Amino acid sequence: MHVLRAQHMGMCFGVKRAIDHAVTAAGRAPLTILGELVHNDAVLAELNARGARTCAEVDEIRTPTVMITAHGASQLRIAQLRARHLHVLDATCPLVSAAHRAVALLASEGYHPVIVGRRDHTEVRGMTEDLAACDVVLDDADVDRLQERPAFGIAAQTTQPVERLNRIAALVQKRFPRSRVEVMNTICLPTRLRQEAAGELARHADVVLVVGGARSNNTRELVAACRRHCANVFHVQTAADVRAEWLGRASVVGITAGTSTPDDVIDEVESRVRALERGSAAA
C-alpha cells in the first residue's frame with residue numbers, strides 16, 4: 001500500500017497565528033475565547049489545558065479579557081464586548097478581515113450584498129451582522145428566493161469552493177438580467193490550494209482520508225472535493241476513527257486535512273493506516 005499526502009494540507013497561517021495568540025494571552029492572564037477559536041477538538045482541548053476558557057455568548061464571559069476567534073466577529077459584537085469594559089483581543093484571520101472589508105465596500109457602493117456560505121457559521125455571522133440588509137445563499141434554491149435588486153454584490157465565506165461562488169454568481173445574473181452583478185472573490189488562497197490539491201489527490205487514490213474537525217466547514221468542503229473523484233472518501237477527526245475495512249485492498253491511500261488540523265494529528269492518522277496495513281499483511 002502506498003500512502004500519498006496532498007500537496008497542500010493542514011493548518012494555514014491564519015489558524016497558526018490565532019493559536020499562538022491565544023496561547024500567549026492565556027499565559028499572561030485569565031482568558032475567555034468567544035466561540036471556538038478553530039473548529040478542531042484537539043486544538044480546543046490543548047487551549048483548555050492552558051487555561052483558555054471558551055464560551056458561546058457575551059453574557060457568559062467571566063474574565064477581564066476576551067478573544068475574538070479566527071473566524072472574526074462583527075463590529076456590533078465587538079462593541080457589545082467593549083460596552084462591558086472587557087479587554088478585547090482579536091485573533092481574526094487577516095483573510096477573513098479582508099473579506100469583511102470587501103463586503104462593506106460592496107454595500108457602501110450601493111450593491112445588495114449576497115454572501116455565498118453557511119448562514120449559521122460564525123464567519124458568516126461576522127460578515128453580515130453589521131449590514132443593513134443582505135442575503136446568504138448556498139444553493140440554487142436560495143438563489144430562487146432572492147428578490148430583484150438594481151445591483152447585487154456577491155462575496156463568499158472564505159472556505160467556500162470557488163466553483164460554488166462562480167456558479168451562484170452566474171445564477172444570480174441569469175435570474176436578474178437587468179441587475180448589475182459585481183463579484184468579489186473573498187475565498188482565501190490556502191482554502192483554494194487545499195481544495196485543488198484534494199481533488200488532485202483523489203484522482204490518484206483508491207481511498208481518501210480527510211482529517212479535520214466535525215464542525216469544520218473547510219474540512220467538509222475537502223470531503224466534497226474528494227468525492228467528485230474518488231468513491232471511497234472518509235472524514236475522520238483522529239486516528240482512532242480510521243477503520244480497517246475502509247482500506248480493504250487499496251493500493252493507494254490518500255490523506256488530506258483541513259486548515260485547523262494539527263500536524264501531529266495528521267501524522268497519527270498516517271501511522272494508524274500503516275499499522276493496519278502491517279496487521280493485515282501479518283494476518
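Residues numbered from 1 in each chain as written. Predicted model: local features only at pLDDT ≥ 70, side-chain atom pairs only at ≥ 80, totals over all residues. Heavy atoms only, no water.

Of the regular secondary structure elements, the chain holds 11 helices and 12 strands. Taken over C-alpha atoms, the radius of gyration comes to 21 Å for the chain, in line with the 19 Å a tight globule of 283 residues would show. Looking at the chain as a whole, 51% of its 283 residues are labelled buried. Relative to all contacts within the chain whose residues are 6 or more apart in sequence, the contacts with residues 24 or more apart total 71%. Side chains of the chain give 34 positive and 33 negative charges; the mean places of these two sets differ by 1 Å. (Helix = DSSP H or I, 4+ residues; strand = E, 2+ residues; numbered from the N terminus. Rg over C-alpha atoms; globule rule 2.2 N^0.38 Å. Buried < 20%, exposed > 50% of the residue type's maximum accessible area, 1.4 Å probe, protein only. Contact = heavy atoms within 4.5 Å. Lys, Arg positive; Asp, Glu negative; His and termini not counted. Charge placed at Lys NZ, Arg CZ, Asp CG, Glu CD.)

As a further point, take the side chain of Gln157. If you trace the backbone, Gln157 turns up in the loop between β8 (151–156) and α7 (162–175). Residues in contact with Gln157, not counting those within four places in the same chain, are Ile115, Val116, Gly117, Arg118, His121, Glu123, Val124, Met127, Ile187 and Asn217.

Helix-helix packing is characterised by the crossing angle of the two axes and by the distance between the axes. Two elements in contact, helix α8 (residues 189–203) and helix α9 (residues 217–227), have axes whose closest approach is 8 Å; the angle formed by their N-to-C orientations is 35°. Handedness of the crossing formed by α8 with α9: right-handed. The residues of α9 that touch α8, namely those facing Arg194, Gln195, Ala198, Gly199 and Ala202, are Glu221, Leu222, Ala225 and Cys226. Across the contact of α8 with α9, the residue classes tally to five nonpolar, two polar and two charged. (Axes fitted to C-alpha atoms, helices over the stretch in contact; angles between N-to-C directions. Left-handed = near helix turned anticlockwise from the far one by under 90°. Nonpolar A, V, L, I, M, F, W, Y, C, P; charged D, E, K, R; others polar.)

Turning next to the sheet that holds strand β1 (residues 2–5). Taking strand neighbours across the sheet as the criterion, the four strands line up as β1-β12-β10-β11 in an open arrangement whose pairing is parallel. Strands with a single pairing partner mark the edges of an open sheet, and in this sheet they are β1 and β11 (233–236). Shown here is a sheet whose adjacent strand axes are inclined to one another by a mean of 25°, direction ignored. Relative to strand β12 (residues 252–257), strand β10 (residues 207–211) runs parallel, the two being bridged by five bridges. Bridging across to β12, Leu209 finds its partner in Ile255. Packed on one face of the sheet, α9 meets β10, β11 and β12 and runs near 170° to β10. (Pairing = 2+ DSSP bridges.)

This part covers the nonpolar core. By size, the foremost hydrophobic cluster in this structure holds 33 residues, and its most contacted members are Val208, Leu209 and Val269. If we skip the residues at most four places from it in the chain, Leu209 touches Phe234, Val242, Trp246, Val253, Gly254, Ile255, Thr256, Val269 and Val273. Ranked by size, the runner-up nonpolar core spans 19 residues in total, among them Leu37, Val43, Met67 and Leu89. (Core = buried A, V, L, I, M, F, W, Y, C linked by side-chain atoms within 4.5 Å.)

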